[in-house]
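As a plain string of letters, each chain reads:
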Amino acid sequence: MYPLRRPLLASGLLCLGSFALFWTAQRAADVSLIDVMVYRAQGEAVLRGEDLYALRATHADLPATYPPFAALLFVPLALLEADTLRAVATAANLLLLVLVVHLSLRLAGRPQSEPTAAAALAVSALAVWCEPVWTTLRYGQVNLLLAALVLWDLSRRSGHRWAGIGIGVAAGVKLTPALFVVLLALAGVVEAWRRQGWTGLRGPVRAGGPAAVRTALAGAWNAHLRQAAVATGAFLGTAGLAATVLPGDSLRFWTEILFRADRVGNAEDTANQSLHGVLARALHTGDPGAAATALSMAVAVAGLGVAVAALLAGSRLPRSTAWAGTACALTALLISPVSWSHHWVWCVPAVVLLGAEALHRRDDRWWWGTAACAAVFCTYALWWVPHSPDRAERLELRQGAGEMLLSAVYPLAGAAFLALAAAVAVRAAGRTGPYAGARVVRARSELQAVAKE
């Protein structure tokens, strides 16, 4: 009974045992960590001065698809032997999982009665078995690193001078996190409009006084615009560094490779859990074309609208930043041409947020929602349908209605989360004052954030 009286010790033992079992299971499955081998090949290409986007690596003949800045980060991987690299990559991703869970709990303001470290270890022991995390570790992907960078930024105290760097660097490694910059910029513009309005900004401009204009702009400047500006600067810094070291590869990426979604794989693959993939399977075509583009644009507008509304709800909505950040991440996954199942590691912050809401609201419906969301990502349901290990067979183009539904479980869960976030944000917008207990929760979260920085 001694470990049960020490929650940190008990959670640590549980996490260690779960991770050890996970490592054993992956070894028994003889996973190749194929993607980390591609990253290693990119690092070698940089060292040898070879054409980065001409390389084909591993037995699967996989190309480089990330911005050239990522290849610079992969250079140290070229110094490790393959077996050593696989072990290091797995260990690093397991540690990153704990960090992602910790940051998710911090953003959601939980736990309040137990040590955060104990909760993070306990949740990590379970989260490692969900399909996106399992697959991320199976391939040696960078998804957990990107999520950790973004969550680190979002969980910092409002107005921190360097908030935004994590998002900018994440976008430099892989472009998808750039949607968080759009979220912050839109929220900042709306906040500036609330403060100044059109009249407040137009008056000084028409008057023509430089001092008046500077005063008006200073009044419109806010924490969201600052964070968006820092993130943009960090992203441009990664692109500038890559352009200095790899000018040819940078030119080719930004003028050609960026627009070649076909390099990644077939759109209809079951593993593609984006709206583009869902429509490809539903329409039985590898190129859903304008239909997918129109749907993605509509979801982008709706998803960003929900995220902005949640972010600006402030004290009227506890965990407003968590709602906004998760809604933005899921929107990015939905609208991307290709969102492989392992990209959906954002299911971890989503389930943590729903669980925090269930604890706060003490409503059984929230517990059922949390359990349903966890089940979607832990049952591996998308793999219950016929799919093609050999891309030449393209079995996904012959799926029936029930099979198509199962192979769309992640986008369906993402859409349901956005609908819930919209309802929560709209309800918060109708409040005239802070939500009950919001000041206490926010003060506690900010104190914890300051203490940990």
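Since this is a predicted model, take the numbers as computed values, not measurements.

## Describing helix α12 (residues 223–245)
At step 1: Look at α12: 33 Å from first C-alpha to last across 23 residues, which is about the 33 Å you get at 1.5 Å a residue.
At step 2: For α12, the set of buried residues is His224, Leu225, Gln227, Ala228, Val230, Ala231, Ala234, Thr238, Ala239 and Ala242.
At step 3: The backbone nitrogen of His224 lies 3.1 Å from a side-chain oxygen of the residue at the head of α12, namely Asn222.

## Topic: the packing of aromatic side chains
The geometry of an aromatic ring pair comes down to the distance between the two centres and the angle between the two planes.
At step 1: Applying the stated criterion across every chain yields a total of 14 aromatic pairs.
At step 2: The interplanar angle of 90° and the centroid separation of 4.9 Å between the aromatic rings of Phe253 and Trp254 together place this pair among those described as edge-to-face.
At step 3: Classification of Trp254 by relative accessible area gives partly exposed; the value is 31%.
At step 4: Put simply, the rings of Tyr53, Phe235, Phe253 and Trp254 pair up and form one aromatic cluster.

## Remarks on the packing of helix α5 (residues 82–108) against helix α17 (residues 347–361)
At step 1: Orientation of α5 relative to α17, taken along the N-to-C sense of each, is 35°, at an axis distance of 9 Å. When you trace α5 past α17, the crossing you get is right-handed. Residue-level contacts link Val100, Val101, Ser104, Leu105 and Ala108 of α5 to Val348, Pro349, Val352, Leu353 and Ala356 of α17.
At step 2: Looking at the contact of α5 with α17 residue by residue, the classes come out as nine nonpolar, one polar and no charged.

## Focus: the confidence of the model for the protein chain
At step 1: When the pLDDT values of the protein chain are averaged, the result is 87; 86% of them are 70 or greater.
At step 2: Looking across the protein chain, the model is least confident in helix α21 (residues 438–452), with a mean pLDDT of 48, and most confident in helix α9 (residues 165–173), with 97.
At step 3: Contacts of residues 436–444 to residues separated by more than four positions or lying in other chains number eight contacts, the stretch itself having pLDDT below 50.

## Observations regarding α5
At step 1: The terminal C-alpha atoms of α5, which comprises 27 residues, lie 38 Å apart, in line with the 39 Å expected from a rise of 1.5 Å per residue.
At step 2: Directly after α5, the chain includes Gly109, whose backbone phi takes a positive value near 75°.

## What about the side chain of Asn143?
At step 1: Positionally, Asn143 belongs in helix α8 (residues 143–154).
At step 2: Look at Asn143 and you get buried, because its relative accessible area is 5%.
At step 3: There is a polar contact of 3.0 Å between the side chain of Asn143 and the side chain of Thr136.
At step 4: With sequence-adjacent residues up to four places away left out, Asn143 is seen in contact with Thr136, Lys174, His342, His343 and Val345.

Criteria and cut-off values
- Residues numbered from 1 in each chain as written.
- Predicted model: local features only at pLDDT ≥ 70, side-chain atom pairs only at ≥ 80, totals over all residues.
- Heavy atoms only, no water.
- Helix = DSSP H or I, 4+ residues; strand = E, 2+ residues; numbered from the N terminus.
- Expected span 1.5 Å × (residues − 1).
- Buried < 20%, exposed > 50% of the residue type's maximum accessible area, 1.4 Å probe, protein only.
- Polar contact = N/O pair within 3.5 Å; in protein donor to acceptor, adjacent residues only side chain to side chain.
- Phe/Tyr/Trp six-rings, centres within 6.5 Å; stacked < 30°, edge-to-face > 60°.
- Axes fitted to C-alpha atoms, helices over the stretch in contact; angles between N-to-C directions.
- Left-handed = near helix turned anticlockwise from the far one by under 90°.
- Contact = heavy atoms within 4.5 Å.
- Nonpolar A, V, L, I, M, F, W, Y, C, P; charged D, E, K, R; others polar.
- pLDDT = per-residue confidence, 0-100.

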